Amino acid sequence: MDTTTLPRLTSLHQELATSPEKFGELRSSIDALDDAQALRERMQEDGYLYLPGYLNRDEVLAAREVMLERLAEAGWLDPAYPTMEAVAGDNDTTGARPDLVQDNEPLRRLLYSGRMIEFYTRFLGGEVAHFDFTWTRAMRPDAGTPPHCDIVYMGRGTTNLYTSWTPLGDIPYEIGGLMILEKSHRIERLRAGYGSKDADEYCTNRRQAAPEGDGGGGNISSGGWLSKNPVKLRDNLGGRWVTTEYRAGDLLVFSVYTVHASLDNHSNRVRLSSDSRYQLASDPIDERWMGDDPLGRRMAYKRGRIC
Ligand SMILES: O=C(O)CCC(=O)C(=O)O
Ligand SMILES: [Fe+2]
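Residues numbered from 1 in each chain as written. Chains lettered and ligands numbered in written order. Predicted model: local features only at pLDDT ≥ 70, side-chain atom pairs only at ≥ 80, totals over all residues. Heavy atoms only, no water.

A. Highlighting the coordination of the iron ion (ligand 2). Protein coordination of the iron ion (ligand 2) is provided by H148 (NE2), D150 (OD) and H260 (NE2), with donor distances spanning 2.1 Å. Look at where the donors of the iron ion (ligand 2) fall in the sequence and you get H-x1-D-x109-H. Of this pair, H148 sits in the loop between β7 (135-139) and α5 (151-154) while H260 sits in strand β13 (residues 260-262), placing them 112 residues apart in sequence. The same class applies to H148 and to H260, which are both buried. (Donors = N, O, S within 2.8 Å, 3.2 Å for Na, K, Ca; no water. Helix = DSSP H or I, 4+ residues; strand = E, 2+ residues; numbered from the N terminus. Buried < 20%, exposed > 50% of the residue type's maximum accessible area, 1.4 Å probe, protein only.)

B. Region of the structure containing the packing of helix α1 (residues 36-46) against helix α4 (residues 114-124). It is the contact of α1 with α4, at a shortest axis distance of 8 Å, that shows an interaxial angle of 85°. As judged from the angle between their axes, α1 and α4 are roughly perpendicular. For the pair formed by α1 and α4, the contact residues are A36, L39, R40 and M43 on the first element and F119, R122, F123 and L124 on the second. In terms of residue class, the contact of α1 with α4 is built from six nonpolar, no polar and two charged. (Axes fitted to C-alpha atoms, helices over the stretch in contact; angles between N-to-C directions. Parallel < 35°, antiparallel > 145°, perpendicular 65-115°, else oblique. Contact = heavy atoms within 4.5 Å. Nonpolar A, V, L, I, M, F, W, Y, C, P; charged D, E, K, R; others polar.)

C. Up close: the site of ligand 1. The full set close to ligand 1 counts 14 residues, and T145, H148, W165, R271 and R277 are the nearest of them. Within the contact set of ligand 1, an oxygen atom lies 2.9 Å away from a side-chain nitrogen or oxygen of D150. Here D275 contributes a side-chain N or O atom positioned 3.4 Å from an oxygen atom of ligand 1. The protein chains hide 99% of the 290 Å² of surface that ligand 1 would expose on its own. Those elements that place two or more of their residues in the shell around ligand 1 are β8 (162-167), β13 and β14 (271-280). (Near = heavy atom within 4 Å. Polar contact = N/O pair within 3.5 Å; in protein donor to acceptor, adjacent residues only side chain to side chain. Areas by Shrake-Rupley, 256 points an atom, 1.4 Å probe, with all protein chains shown as cover.)

D. Spatial organisation of the pattern of salt bridges. Scanning the model with the defined rule gives 22 salt bridges in all. D46 serves as the salt-bridge partner of R27, at 3.0 Å between the closest nitrogen and oxygen. In this pair, R27 is assigned in the loop between β3 (23-25) and α1 and D46 in helix α1, connecting sequence segments 19 residues apart. One connected set of salt bridges, linked through shared partners, spans R156, D198, D200, E201, D286, R288, K302, R303 and R305. (Salt bridge = Lys/Arg side-chain N within 4 Å of Asp/Glu carboxyl O.)

E. A look at α4. Where α4 is concerned, the buried positions are M116, F119, Y120, F123 and L124. The arc that holds every buried residue of α4, seen down its axis, measures 105°, which confines them to one face. Two residues or fewer after α4 comes G125, characterised by a positive phi angle close to 80°. (Arc of directions from axis to C-beta.)

F. Quick look at the packing of aromatic side chains. Tallied over the full model, the rule gives 11 aromatic pairs. Look at Y54 and F119: their rings are 6.4 Å apart centre to centre, the planes differ by 70°, and that puts the pair in the edge-to-face class. Taken together, the positions of Y54 in the loop between β4 (48-51) and α2 (57-73) and F119 in helix α4 put the pair 65 residues apart, joining distant regions of the chain. Each of the two residues, Y54 as well as F119, counts as buried. (Phe/Tyr/Trp six-rings, centres within 6.5 Å; stacked < 30°, edge-to-face > 60°.)

G. Layout of the state of the cysteines. Tallied over the entire structure, the rule returns one disulfide. Each sulfur of the disulfide joining C203 and C307 lies 1.9 Å from the other. Disulfide C203-C307: torsion about the S-S bond near -90°, hence left-handed. Placement of the pair is C203 in strand β10 (residues 201-203) and C307 in the segment after β15 (303-305), with a sequence separation of 104 residues. Using a relative accessible area of 0% as the deciding quantity, one classes C203 as buried. Judged by its relative accessible area of 36%, C307 falls in the partly exposed class. (Disulfide = S-S within 2.5 Å.)

H. The nonpolar core, seen in detail. Core analysis: the largest hydrophobic core is formed by 40 residues, its most contacted members being L71, F119, Y120 and F123. Discounting chain neighbours no more than four positions away, the residues touching L71 are W76, L77, R97, L100, A138, V270 and L272. With 33 residues, the next largest nonpolar core counts L6, F133, L190 and M290 among its residues. (Core = buried A, V, L, I, M, F, W, Y, C linked by side-chain atoms within 4.5 Å.)

I. Structural detail: the pairing of β8. Of all six residues that make up β8, six are buried, and the element is covered over most of its length. The side-chain alternation of β8 yields two buried faces, one formed by Y162, S164 and T166 and the other by T163, W165 and P167. Here β8 pairs with strand β12 (residues 251-255) via four bridges, running antiparallel. When the sheet's bridge partners are listed, S164 is paired in β12 with V253. Where β8 and β14 come together, six bridges link them in antiparallel fashion. If you follow S164 over to β14, its bridge partner there is S276. (Pairing = 2+ DSSP bridges.)

None of this, on its own, says anything about what the molecule does.
Following this line, the structure appears as structure tokens:
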């Protein structure tokens, strides 16, 4: 990769070093698509599979359209531009918008039937189940998502569990897509430490024990994040941050132990993407993300323990 032509890349406002030992492009696994064993070996080696153009671009754009019409109605977009351009309006709301999958048939079809399920059936080697909850995101021009592993939010079922991160539109560097810390799923001390925690557990023996809210309470940092500093984190753990300029139709799949984060959005547009989760139907599933209203029931899953 010719890193001399890259724009300035930041994550959480920190400038990423783009020297070849610290930064690179995602490796495409589209050549291994028909070979389940090769796909598993790549996942084992790198912690992710990048499948550019694997999904149907028109289906992705149909899902995008439903989302953007809804954001336009809610006043999130600048009405001076065509809705499909997703130019951000004059407000500061951002982040998770789980409502954008509701009554969005094109998005449901994209994520939970057809090519997506065909991929997982081959990759996992059996009947596939998915979480009912879908994380849909509308990220305005602002900071990205801090580094984390998904296991801390969804580790109460099988750990043979994978995330699909699906760009719902073209996401060049300036809009800021997902980045993966290559091979981080194999770092033993990370798996045994942070990777063994649960964002919904809190420490009953600590004064700041706080069952409310999103993580914290002595067990794990608030929000469940591994770090708020992607540059220092890479310096400590080694490896490269890898990412790309995504196109609608691309698919990125990664394990629940793989460290990931996102680039900041330096454009004037809203970044649309979704993350959804898949496993074997025969494996135990994390009940927190099943049913109609997982966020509403979140408090019921808080667990206290002595740390
Ligand atoms: O899209 C993002 O900024 C974060 C996505 C993420 O954390 C995930 O797909 O698990
Ligand atoms: Fe994540």
